[in-house]
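Topology and contacts: notes
One-letter residues, chain by chain:
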Amino acid sequence: MFSRIAGTGHYLPEQCLTNAMLEQRVDTTHDWIVERTGIHQRHIASNGENAVTMGVAAARNALAAADLETSDIDLIVVATTSGDRAFPSVACEIQAALTEHNIPAFDVAAACSGFLFAMSVADQYIRSGTYRNVLIIGTDVLSRLCRPDDRNTIILFGDGAGAAVLQASDTPGIESTHLHSAGEFADLLGVNHPPRGSEAPAEELSEAWMYMKGNEVFKVAVSKLSELVNETLVANNLTPDALDWLVPHQANLRIIKATAKKLKMPMSQVITTLADTGNTSAASVPIALDVAIRDGRIKRGQRLLLEAFGGGFAWGSALVTY
Ligand code: ACO
């Protein structure tokens, strides 16, 4: 038994934050941001939008694409690190919005790589014969975790959600998944939980924003992703020419180009959305995947390499025949 992608969907908030708008807020320029990251704008959650509402919208699109009803779903796995509450989980709230059936639903926390971790979990459940249809969602509102005057982070992150339905199949869709974590890098990238309660002193609250040593994260990301794509190909006894598309995490165009170069893939075979979306964390890979499926670039039967790297550090890949 294997799992295959039966349908995908995504959701992006309507409100946009452009580089020109950021120039008004912090000491930066449109040209610097484009040259160093490739990002032109990001979508920002507003008017009651959050990880749950965006996840529900992406999930409904994925279910429609898979031609399934919510009652067909056996399990919901949500990749997120930016839910409004510690619990109930984002997954439980999404389950309540989608279905009256008491199917299991839980969150996976692996920051920007979360969707690959969720995909791997879902794939194992389907391969084992436990579940037939699993809804996986990546949804994040990391713009809310960035200190509004921190030019290191606010230029990078946008909000959004992406989803896929994985379905049991006699032929392989998800061919392999590869996951890694390295907790020793915690001081390079993270978000501390805000102290709870009204007694928290202001200086503690100010520590609740994302911290990131960007250029050090950059170096580890390039090196680990290079090893990861190699590992994925070797595990499947493939060379890069077997790949039709690279669907990378949308953190930085320079990181994406380095990974494509490692694979000797031209940028015409690489899906990028970051000019429009920025880094949407766990939503980034499924958004890119869905955009390229809907615009007809990714077709059934083609072979894709999905990869992501992020906070933890945690990084992962999937080799997929769509
Ligand atoms: N605008 C203008 N200048 C800036 C900005 C800015 N927004 N930010 C930094 N600078 C300046 C710095 O002060 C520095 O100036 P100096 O040379 O006078 O000291 C110069 O630009 C270079 O700074 P670096 O930090 O070295 O810039 P770099 O080229 O590394 O780009 C960036 C920074 C875009 C953050 C990059 O390092 C990056 O993308 N890192 C990876 C981020 C990432 O992938 N995170 C993982 C995923 S996130 C997650 O999992 C939640």
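Bear in mind that the values here come from a model prediction, so they are computed numbers and not experimental data.

1. A word on the packing of aromatic side chains
- Scanning all chains against the criterion turns up 4 aromatic pairs.
- Pairing Phe 185 with Phe 313 gives two aromatic rings, centres 4.9 Å apart and planes at 20°, and the pair type is stacked. With Phe 185 in the loop between β8 (174-181) and β9 (189-191) and Phe 313 in the loop between β12 (303-310) and β13 (314-321), this pair connects stretches of sequence that are 128 residues apart.
- On the basis of relative accessible area, Phe 313 is assigned to the buried category, the value being 1%.
- Aromatic side chains Phe 309 and Trp 315 sit 5.7 Å apart centroid to centroid with 35° between the ring planes, which places their arrangement in the tilted category. We note that Phe 309, like Trp 315, is buried.
- Among the aromatic residues, those joined into a cluster by ring pairs are Phe 185, Phe 309, Phe 313 and Trp 315.
- A cation over an aromatic ring shows up here: Arg 300 above the ring of Tyr 322, its NZ or CZ 3.8 Å from the ring centre.

2. A closer look at the nonpolar core
- Judged by nonpolar contacts, the single largest core of 40 residues is most densely connected at Val 217, Leu 243, Leu 246, Leu 263, Phe 309 and Phe 313.
- Broken down by secondary-structure element, the contributors of at least two residues to this core are β10 (210-212), α8 (214-235), α9 (253-262), β12 and β13.
- With 7 residues, α8 is the largest single contributor of residues to this core.
- Non-local contacts of Phe 313, meaning those with residues more than four positions away in its chain, are made with His 180, Ser 181, Ala 182, Phe 185, Leu 188, Leu 189, Val 217 and Val 220.
- If you look at the next biggest cluster of nonpolar residues, it comprises 36 residues, including Leu 75, Val 77, Ile 136 and Leu 289.

3. Notes on the site of the ligand
- The environment of the ligand is formed by 25 residues, the closest being Thr 28, Arg 36, Cys 112, Asn 252 and Gly 311.
- Contacts to the ligand include Asn 252, whose side-chain N or O atom sits 2.7 Å from an oxygen atom.
- Bound to the protein, the ligand loses 73% of the 1,000 Å² it would expose on its own.
- If you list the elements that add at least two residues to the shell around the ligand, you get α2 (30-37), α8, α9 and β12.
- Of the residues forming the shell around the ligand, the biggest block, 4 residues, is contributed by α8.
- Per-class residue counts for the shell around the ligand are 13 nonpolar, 8 polar and 4 charged.

4. Quick notes on the sheet that holds strand β6 (residues 133-141)
- Sheet architecture is open: 5 strands sit in the order β1-β7-β6-β4-β5, paired in mixed fashion. The sheet is open, and its two borders are formed by β1 (2-11) and β5 (105-108), each paired with just one other strand. Direction aside, neighbouring strands of the sheet carry axes that sit 20° apart on average.
- With respect to the sheet, helix α11 (residues 284-294) is in contact with β1 and β7 (159-169), its orientation differing from that of β1 by roughly 90°.

5. Brief notes about the UniProt feature "domain: Beta-ketoacyl-[acyl-carrier-protein] synthase III C-terminal" (unreviewed entry) in the chain
- In this numbering, the UniProt entry assigns the feature "domain: Beta-ketoacyl-[acyl-carrier-protein] synthase III C-terminal" (unreviewed entry) to residues 235-321.
- End C-alpha atoms of residues 235-321 are separated by 15 Å, and the span's content is 30% helix alongside 23% strand.

6. Details of the sheet that holds β12
- The 4 strands lie next to each other as β8-β13-β12-β11, forming an open sheet whose pairing is mixed. Here the strands that pair on one side only, and so sit at the sheet edges, are β8 and β11 (245-248). Ignoring which end each strand starts from, the neighbouring axes of this sheet average 10° apart.
- Here β11 pairs with β12 via 4 bridges, running parallel. Its bridge partner lying in β12, Pro 248 is registered against Glu 307.
- Here α11 sits on the sheet and contacts β11 and β12; the angle it forms with β11, its principal contact strand, is near 145°.

7. Details of the state of the cysteines
- Inspection of every chain in the model, using the stated rule, returns 0 disulfides.
- Cys 16 carries a free sulfur, and the closest cysteine sulfur to it, the one in Cys 146, is 16 Å from it.
- Using a relative accessible area of 24% as the deciding quantity, one classes Cys 16 as partly exposed.
- Cys 146 carries a free sulfur, and the closest cysteine sulfur to it, the one in Cys 112, is 10 Å from it.
- Owing to a relative accessible area of 4%, Cys 146 belongs among the buried residues under this scheme.

Here is what the cut-offs are and how they apply
Residue numbers restart at each chain and count upward from 1, following the sequence in its written direction. Confidence filtering applies because this is a predicted model: local features only for residues at pLDDT of at least 70, side-chain atom pairs given and counted only at 80 or more, and all residues used for totals across whole chains, interfaces and linings. Just so you know, side-chain values use all the structure's heavy atoms and leave hydrogens and water out. Each aromatic pair joins two rings of Phe, Tyr and Trp (for Trp, the six-membered one) with centres within 6.5 Å, and gets the label stacked for planes under 30 degrees apart, edge-to-face for over 60, and tilted for any other angle. We count a stretch as a helix when DSSP gives it H or I for four or more residues in a row; a strand needs E for two or more, and each element gets its number in order from the N terminus. Residue burial is assigned from relative accessible area. The probe radius is 1.4 Å, only protein chains are included, and a residue is buried under 20% of its type maximum, exposed over 50%, and partly exposed in between. The rule for a charge over a ring is simple: NZ of Lys or CZ of Arg within 6 Å of the ring centre, and within 35 degrees of the ring normal. Throughout this description, the term nonpolar core refers to a set of buried Ala, Val, Leu, Ile, Met, Phe, Trp, Tyr and Cys residues connected via side-chain atoms within 4.5 Å. Any pair of residues with heavy atoms lying within 4.5 Å of one another is described as a contacting pair. Consider each residue's heavy atoms; a residue with any of them within 4 Å of a molecule or strand counts as near. Counting of polar contacts relies on pairs of N or O atoms within 3.5 Å, with two restrictions inside protein: one atom must be capable of donating a hydrogen and the other of accepting it, and residues adjacent in sequence are counted only when both atoms are side-chain atoms. Surface exposure here means Shrake-Rupley accessible area, sampled with a 1.4 Å probe, where a residue is shielded only by the protein chains that are shown. Polar here means any residue other than Ala, Val, Leu, Ile, Met, Phe, Trp, Tyr, Cys and Pro, which are nonpolar, and Asp, Glu, Lys and Arg, which are charged; Gly is therefore polar. One requirement defines pairing of two strands: DSSP has to find at least two bridges between them. Throughout, an axis means a line fitted to C-alpha atoms (over the contacting stretch in the case of helices), and angles, computed between N-to-C directions, take values from 0 to 180 degrees. UniProt positions are given in the numbering used here, feature names are shortened, and annotations may be inferred rather than shown by experiment. Note that a disulfide, as used here, is simply two cysteine sulfur atoms within 2.5 Å.

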